[in-house]
Amino acid sequence: MDVNYMHAQRAIRLLLKVDGKSIRAYHKHEPYFYLKANDPACLEQLKKIQVNDGEKNYALERIEPVQRMLEGKPTQVWKLVTAHPGLVPKFQDAVRHYGATYEYNILFTRRYLIDNHLTPGAQVEVEFERRNGKRWVTSIHSVATDANPPYNILAFDIETYNPSGMPDPKRDPLLMASYADASESRVITYAQPLRTEGFVQNVASEKDVLQRLAQVLREKHTDVLCTYNGDVFDLPYVTERSLQTKADAHFGRDHSLPKSKRLGLRNVTSLGGRIHFDVYNTVYFLNYIGATKLARMTQLAAYEGLLGKTKADFPKDQIVAAWDKKGQPLTDLIEYSRQDAVACYELAEYCLPLFYALGKVTGTTLFDASRFTSGQLVEALLLKKAFDRGEIAPNKPTAEEVAERTAEPIQGAYVKTPLPGVYENLAVFDFKSLYPSIIISHNIDPSTLDCDCCRGEGEAHISPTGQRFCKKRQGLIPAMLQEVLTTRFAIQKQMKALDKESAEYKQLYGKQWALKILANSTYGVLLYPRFRWFRRECGESVTAYGRKYIQDVIQKGEQAGFNVLYTDTDSAFLQYNGKTKQTVLDFGKAVNEQLPESMQLELEDFYPRSIFVGKKAEETGAKKKYASINEQGKIKIRGFELVRRDWSKVARNTQRSVLEILLKEGDVKKAAELVRTTLNELKDGKVPLEDCVIYTQLKKKVANYEIKSPEVGAVLHARKSGMNVPENSMVAYVIGKAGGEAVSERARLVELAKDYDADYYINNQVLPAVLKILGSLGYDKDSIRLKGTQKGLGDW
DNA sequence: GCGGACTGCTTACCT
DNA sequence: ACAGGTAAGCAGTCCGCG
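Residues numbered from 1 in each chain as written. Chains lettered and ligands numbered in written order. Predicted model: local features only at pLDDT ≥ 70, side-chain atom pairs only at ≥ 80, totals over all residues. Heavy atoms only, no water.

Chemist: Could you clarify how one ought to interpret the protein's contact with DNA strand C in this entry?
Modeler: If you check the shell around DNA strand C, you find 35 residues, and the closest are Leu265, Lys615, Lys623, Ser744 and Lys772. At the protein interface, 79% of the atoms of DNA strand C within 4 Å belong to sugar or phosphate. Between DNA strand C and serine 521 there is a distance of 3.2 Å, counted from a base oxygen to a backbone nitrogen or oxygen. Between DNA strand C and the protein, one listed contact pairs a phosphate oxygen with a backbone N or O atom of serine 744 at 2.5 Å. Elements with a contribution of two residues or more to the surface near DNA strand C: helix H11 (374-388), helix H15 (503-526), strand S26 (621-629), helix H21 (743-746) and helix H22 (758-776). Broken down by element, the residue count for the surface near DNA strand C peaks at 4 residues, all from H15. Split by residue class, the surface near DNA strand C holds 17 nonpolar, 9 polar and 9 charged. (Near = heavy atom within 4 Å. Polar contact = N/O pair within 3.5 Å; in protein donor to acceptor, adjacent residues only side chain to side chain. Helix = DSSP H or I, 4+ residues; strand = E, 2+ residues; numbered from the N terminus. Nonpolar A, V, L, I, M, F, W, Y, C, P; charged D, E, K, R; others polar.)

What follows is the structure, given as structure tokens:
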């Protein structure tokens, strides 16, 4: 379940769970990397090389000639074995001028897992022998199973004293810690003269809270400790408070305190022998890939967005008063704290199966799987598959190579401009996994590009950009994708027969979800400059094939007499007015017959009515903005302001209502009336301030902006009035009446907003949002006014 | 000096 | 720190007019 390198033992330490009990075992594994020498005669020199690790000098343990696939060709290389993992980078540096070196920067624990085909969290069959009082592994292998690991899971959360806004762990004490698991939820605190009763355990001091919490982890044999943002807040905080109070609070199984380190751009925190699962990371990931679209990523927002549940909030600026004055506010704070732990546990329950699966598929630990970016996940999977195929992985690029790769972007997907209007009888087709299926069908891979074996005419796949891809030997990436897609489809088939609430269904759902993430990320990483398998020609060929396939659909659709209204990348909107649905089905079938085996054009749905709008201030239609209603009355909306968090709720809700009325009833007059009502409410100051909030994420430090946009203006104003606003924050602001001419001068953080500027919300929010739609249907401001009553829209 | 048109910066969306 | 294609607002600048 946990894998570490132990320098003292010169071995991997495994944490295994046997009959519910955790045990340690040690396993020897050789660190190594590869050298493809320019001149085989350098062997004698290599043997003489010595490096120093700060304590003593080492020579290479062994130099072993091995046959591996390198850049698509069988190649003779040397496997250079070192005495311990820390020597790998040192020897790499010492030998690289003898040729090309490979696989020298793969983390040793990952190297161990890959080489032994082990999957953390999966069942293993293992044999030991006893030596020096320790268990030494003599054989180990993973047993394939979809079952979730039998971890003991606990969620915890802390409340802190925060007299100056943000709490400072060097100074401000912990007030309470709450925890929750499947059977209970409790709060440990030291608020005298509270008694221990119900779910509250009262102890003597902050130090005792920390020690009791550590004791809970021991008693419950916690394997997975869940937090919400524990990487940067809860765990570093309890660590610092443990040091400050000299508490004997060792949260790790090895009696260590949590340790923070840098992973990419952010801090992560781990604890010995237990897995720290930070739910925030997973919520962030789910939101990033579009599974949810939360405007803010607070635990409360996640609780509502992911689970559809809600709970009472407790304002952060009232914690100090509640603690100092006791009474009902303190009781509320304690209950809030308990519910936070419960919500964290429930969110973890939801997210864990997804990341168990992602870890299993990519062979990474739960800790890593829940923190890796999609690029790192794909890399992990490919490293595993490359090893299994006897292929050496390409190196990570140097800074210069990254710069070179970044220089020229490639041409992407094709998007057809729609003609604005209301359309009836649309059928939407979609290529199923377009880019992955192109990669498989045309064997697109860095190692199959310009192979030596398919030089003749008709011997290679030739992409629309003229790149040649091998037809004889399947590349690593197409092979990986083929396995991923076929496994995913098989799982989806299996799922159909299962009860959606069953554990088996949820496990399978997690697995197919993980496979989808990996399939969907693969094209992107081909063009990601830091990716090991980056190859511009591959990415370029994928999109070029993509454009070709969708253009074929357009051409064939028009030939068959459909109005091909709109296409974007892999989807096509066909209007079949005057034709039957059967002709649509027949068309799909005909197209599919001419596609490669791995590709498929699917009928997504029939839509009785759809709305496409015009581009602002132009005659042409807007791409990536449409709304459709299907035969079951389900509405699908894309791209409109109402799906964007940087538009106010009042504008979004009004636009949504207009679209719904038009799609369901086609009643422009009713829509116009609704708009008029909203405008009057705005004018009369009746709209709640929270409906006027606009959310915008700051993506750099405030000082680095060239332009003072409204969100930047709001932060500058707040700081001027003494508020501490963190950098790179999600800004929630309202446009008020006072402050100046420019919008940015009137922008106020919602906490500081006193009023809203009705003119702004009418003219810059609601009207543009709804006129975009009504205007595209041939109505202007005036013609809408005619449909209203005399009070009308003239007053705008 | 003025107002409208245009450009650039920026964000968040779609596939 | 997976890609490119796209719309759009607001600030800031350019440009013609005179």
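Chemist: Teacher, can you tell me more about the pairing of strand S3 (residues 21-27) here?
Modeler: The two faces of a sheet get side chains in turn, since along a regular strand they alternate between them. Across 7 bridges, strand S2 (residues 11-18) lies against S3 in antiparallel orientation. Residue pairing in the sheet places isoleucine 12 in a bridge with histidine 27 of S3. Where S2 folds back on S3, the antiparallel hairpin that results is connected by 2 residues, among which aspartate 19 adopts a positive phi of roughly 45 degrees. (Pairing = 2+ DSSP bridges.)

Chemist: What should I look at first to understand the state of the cysteines in this one?
Modeler: The bond known as a disulfide is covalent and runs between the sulfur atoms of two cysteines. Tallying each qualifying case throughout the model produces 0 disulfides. The closest cysteine sulfur to the non-disulfide-bonded cysteine 454 is located on cysteine 451, 3.6 Å from its own sulfur. Judged by its relative accessible area of 1%, cysteine 454 is buried. (Disulfide = S-S within 2.5 Å. Buried < 20%, exposed > 50% of the residue type's maximum accessible area, 1.4 Å probe, protein only.)

Chemist: Teacher, can you tell me more about the sheet that holds strand S28 (residues 694-697) here?
Modeler: Two modes of strand pairing occur in sheets, parallel and antiparallel, and in both the strands are linked by backbone hydrogen bonds. Read from one edge to the other, the open sheet built from 3 strands follows the order S28-S29-S30, with strand pairing classed as antiparallel. The open sheet terminates on both sides in strands that have one partner only, identified here as S28 and strand S30 (747-749). The average undirected angle you get between the axes of adjacent strands in this sheet is 45 degrees. Here strand S29 (residues 730-735) pairs with S30 via 3 bridges, running antiparallel. Bridge pairing in S30 links isoleucine 735 to alanine 747. Packing of helix H20 (residues 710-720) onto the sheet brings it into contact with S28, S29 and S30, and relative to S30 it is tilted by some 60 degrees. (Axes fitted to C-alpha atoms, helices over the stretch in contact; angles between N-to-C directions. Contact = heavy atoms within 4.5 Å.)

Chemist: Help me understand the pairing of strand S27 (residues 635-638) in this model?
Modeler: Sheet topology places S26 next to S27; 4 bridges connect them, and they run antiparallel. Bridging across to S27, alanine 627 finds its partner in isoleucine 637. Hairpin connection between S26 and S27: a loop of 5 residues separates the two successive antiparallel strands, and glycine 633 in this loop has a positive phi of roughly 85 degrees.

Chemist: Would you explain the environment of glycine 198 in this entry?
Modeler: Within the secondary structure, glycine 198 sits in the loop between strand S14 (185-189) and strand S15 (200-202). Judged by its relative accessible area of 70%, glycine 198 is exposed. Taking C-alpha positions, glycine 198 is 50 Å from isoleucine 106, a pair spaced 92 residues apart along the chain.

Chemist: Explain the protein's contact with DNA strand B to me, please; I cannot follow it from the model alone.
Modeler: As a matter of local geometry, DNA strand B sits amid 18 residues, with Asp570, Tyr626, Gly639, Arg644 and Tyr705 nearest to it. For DNA strand B, the backbone makes up 92% of the atoms found within 4 Å of the protein, where backbone means sugar plus phosphate. The contact in question runs from a phosphate oxygen of DNA strand B to an N or O atom on the side chain of arginine 638, over 3.2 Å. If you list the elements that add at least two residues to the surface near DNA strand B, you get S26 and S28.

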